[in-house]
Amino acid sequence: MRRALTAGAAIALITGAAMWCVTVAGAQGGGTIEAEVKYNGAAQVEKLKVNKDTEKCGSEAVIEKVVVGGNKGLANAVVSAPGAKGATKAKAVIDQHGCKFVPHVVAMQPGEIEIKNSDDILHNIHTYSTANASINKAQPKFKKTMTEKLEKPEFVKVTCDVHSWMLGWVAVVPGLAAVTDANGVAKLENVPAGKQKIEVWHETLGKQEREVEVKAGQVTKVSFEMKGK
Ligand SMILES: [Cu+2]
């Protein structure tokens, strides 16, 4: 994408200022997508007794498989516009804190992710994926940060072999993406105008997609209702 833009800019400079203006206007003329994801079913939260590293992990692990907030909003769903190549965002970060992956779901463009260990105990990053190579690395307490590559679009499951209950997800998505908040809402900014495919993915409830028309400078609302499996 960067190469294409550079080539475009070079051509614009050669052929004149008029085309340059068109190129810049096109890059900035995006709209906003506000997605609302709902789920009519019950929340699914599992609780487990913990008897290891309890000073850091606490005595109970809460595994949030389906988190439903106010107005049936579904949290932790990834909303993406795979065809919308936006500006590269800051590097994705996932932390191991209180023997949980925080956030539970992180969305990133293909590239690097920073994996933190702020617990001061041994963790072990173990990912399950098919398109990307699996990561299986100990992260001792002195290793506060590791950087890993996830370069292929995929929903990658993250676990820890030291603490069997630890579960997280990294959504590697080629375009713009965001994770729904406690109310089931996610916003995508600077989405190129025109038809865009919007996808929703949830670790337990699967995928849905829909096409929307994005208008420059406007907010396009789209709502999804996930079905139970
Ligand atoms: Cu761990």
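First things first, this report covers the structure right here in the doc. (Residues numbered from 1 in each chain as written. Predicted model: local features only at pLDDT ≥ 70, side-chain atom pairs only at ≥ 80, totals over all residues. Heavy atoms only, no water.)

Quick word on the sheet that holds strand β11 (residues 145-150)
What holds strands together in a sheet is hydrogen bonding between their backbones, with the strands either parallel or antiparallel. To keep things clear, this is the line we draw: Paired strands are those between which DSSP finds at least two bridges. Put simply, DSSP marks the helices as runs of H or I at least four residues long and the strands as runs of E at least two long, and each gets a number from the N terminus on. Each axis is a line fitted through C-alpha atoms, taken for helices only over the stretch in contact, and angles between the N-to-C directions span 0 to 180 degrees.
A sheet is described by the order of its strands in space; here four strands give the open sequence β6-β5-β8-β11, paired in mixed fashion. The open sheet has two edge strands, β6 (100-102) and β11, and neither has a second partner. Pairs of neighbouring strands in the sheet enclose a mean axial angle of 25°, with direction left out of account. As paired elements, strand β5 (residues 92-97) and strand β8 (residues 111-117) share five bridges and run parallel to each other. Bridge assignment links D95 to a residue of β8, and that residue is K116.

Concerning the state of the cysteines
Convention followed: By definition, disulfides here are pairs of cysteine sulfur atoms that lie within 2.5 Å. A 1.4 Å probe rolled over the protein chains alone gives each residue an accessible area, and that area as a share of the maximum for its type sets the label: buried under 20%, exposed over 50%, partly exposed in between.
Counted under the stated rule, the structure contains one disulfide. A sulfur-sulfur separation of 1.9 Å characterises the disulfide bridge that pairs C57 with C99. Taking the torsion about the S-S bond as the criterion, the C57 to C99 disulfide, at about -55°, is left-handed. In this pair, C57 is assigned in helix α3 (residues 54-57) and C99 in the loop between β5 and β6, connecting sequence segments 42 residues apart. For the pair shown, C57 and C99 are each scored as buried.

Points about the pairing of β8
The two faces of a sheet get side chains in turn, since along a regular strand they alternate between them. Relative to β11, β8 is paired through six bridges, and the arrangement is antiparallel. When the bridges of β11 are listed, G111 appears paired with L150.

Focus on the environment of K47
What counts here: It only takes one pair of heavy atoms within 4.5 Å for two residues to be counted as in contact.
Mapped onto the elements of the fold, K47 is located in strand β2 (residues 44-49). A sequence separation of 15 residues divides K47 from V62, and the C-alpha atoms of the two residues are 4.7 Å apart. Every residue in contact with K47, bar those within four places of it in the chain, is listed here: E60, A61 and V62.

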